[in-house]
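Chain and residue survey
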Amino acid sequence: MSASTLAPSPSPATDPSPTPGDGGASSAVTPDLLMVNDTSPAPPAAGDSPLTPEFSSSFLQEASGKGISGLFAWAAIFITCHQIYQYLRWYTNPAEQRWIVRILFIVPIYAFESWLSLLFFNDKHFYVYSNAVRDCYEGERKNMVTGLLFD
């Protein structure tokens, strides 16, 4: 802390803090240092949006933003599903291709879940459940990648 943000402690003549010999008889105790410039953010007012400033963009709330994100999410889903179909159609190396198909399933699941999270951005109940599903699948995904590395 810099010296400019701290006020000096009260002088000993006006200090109502207990002295070592009085057994704590004085009830008023003042701190040694008082903060003068408190820069902590104020809590949001009752009508304020619960969104943080980086997520308060109007693009996330507009239909065009949701439509563009949906377009890219569905494009990723269709492309990846086509790749999965190709791997399963020419299933010549099952030991290796099984792990690759499992890893390819990461893209459609995360894309769809992320798009739904954006659609229901202000619904706190949906966000809690979608985060739980995402976290569980992330653990399984790490297991799949580790299994491929050790196989």
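Structure first, text after, so check above.
**Brief notes about the packing of aromatic side chains**
Counted under the stated rule, the structure contains six aromatic pairs. Aromatic side chains Trp74 and Phe78 sit 5.9 Å apart centroid to centroid with 35° between the ring planes, which places their arrangement in the tilted category. Of the two residues, Trp74 and Phe78 are both situated in helix H2 (residues 63-89); the distance of four residues between them amounts to about one turn of the helix. According to the relative accessible area criterion, Trp74 is partly exposed, its value standing at 32%. Centroid distance Phe120 to Phe126: 4.9 Å. Interplanar angle 55°. Geometry classified as tilted. The cationic tip of Arg102 hangs over the ring face of Trp99; the distance from NZ or CZ to the ring centre is 4.8 Å.

**Some thoughts on the pattern of salt bridges**
Tallied over the entire structure, the rule returns three salt bridges. As a salt-bridge pair, Glu138 and Arg141 come within 3.7 Å of each other at their nearest N and O atoms. Here Glu138 and its partner Arg141 are both found in helix H5 (residues 124-150), three residues apart, which amounts to about one turn of the helix. In this structure Arg141 comes out as partly exposed when scored by relative accessible area, which is 21%. Its salt-bridge partner being Glu138, residue Lys142 comes within 3.8 Å of it at the nearest N-O pair. Of the two residues, Lys142 and Glu138 are both situated in helix H5; the distance of four residues between them amounts to about one turn of the helix. Several salt bridges converge on common partners, so that one network encompasses Glu138, Arg141 and Lys142.

**What about helix H4 (residues 106-119)?**
End to end, H4 covers 20 Å across 14 residues, agreeing with the expected 20 Å (1.5 Å per residue, within 8%). Turning to H4, its buried residues number three or more, namely Ile106, Pro108, Tyr110, Ala111, Glu113, Trp115, Ser117 and Leu118.

**Details of the environment of Glu96**
With respect to the helices and strands, the residue Glu96 is situated in helix H3 (residues 94-104). A residue is classified by how much of its surface remains accessible, and Glu96, at 42% relative accessible area, is partly exposed.

**Here's the deal with the side chain of Gln97**
Within the secondary structure layout, Gln97 lies in helix H3. Under the relative-accessibility criterion, Gln97 is labelled buried at 9%. Polar contacts involving the side chain of Gln97 include one to the main-chain carbonyl oxygen of Trp90, which spans 3.0 Å. One polar contact links the side chain of Gln97 to the main-chain amide nitrogen of Thr92, over a distance of 2.9 Å. Excluding residues within four positions of it along the chain, Gln97 makes contact with Tyr87, Trp90, Tyr91 and Thr92.

Cut-offs applied
Residues numbered from 1 in each chain as written. Predicted model: local features only at pLDDT ≥ 70, side-chain atom pairs only at ≥ 80, totals over all residues. Heavy atoms only, no water. Phe/Tyr/Trp six-rings, centres within 6.5 Å; stacked < 30°, edge-to-face > 60°. Helix = DSSP H or I, 4+ residues; strand = E, 2+ residues; numbered from the N terminus. Buried < 20%, exposed > 50% of the residue type's maximum accessible area, 1.4 Å probe, protein only. Lys NZ or Arg CZ within 6 Å of the ring centre and 35° of its normal. Salt bridge = Lys/Arg side-chain N within 4 Å of Asp/Glu carboxyl O. Expected span 1.5 Å × (residues − 1). Polar contact = N/O pair within 3.5 Å; in protein donor to acceptor, adjacent residues only side chain to side chain. Contact = heavy atoms within 4.5 Å.

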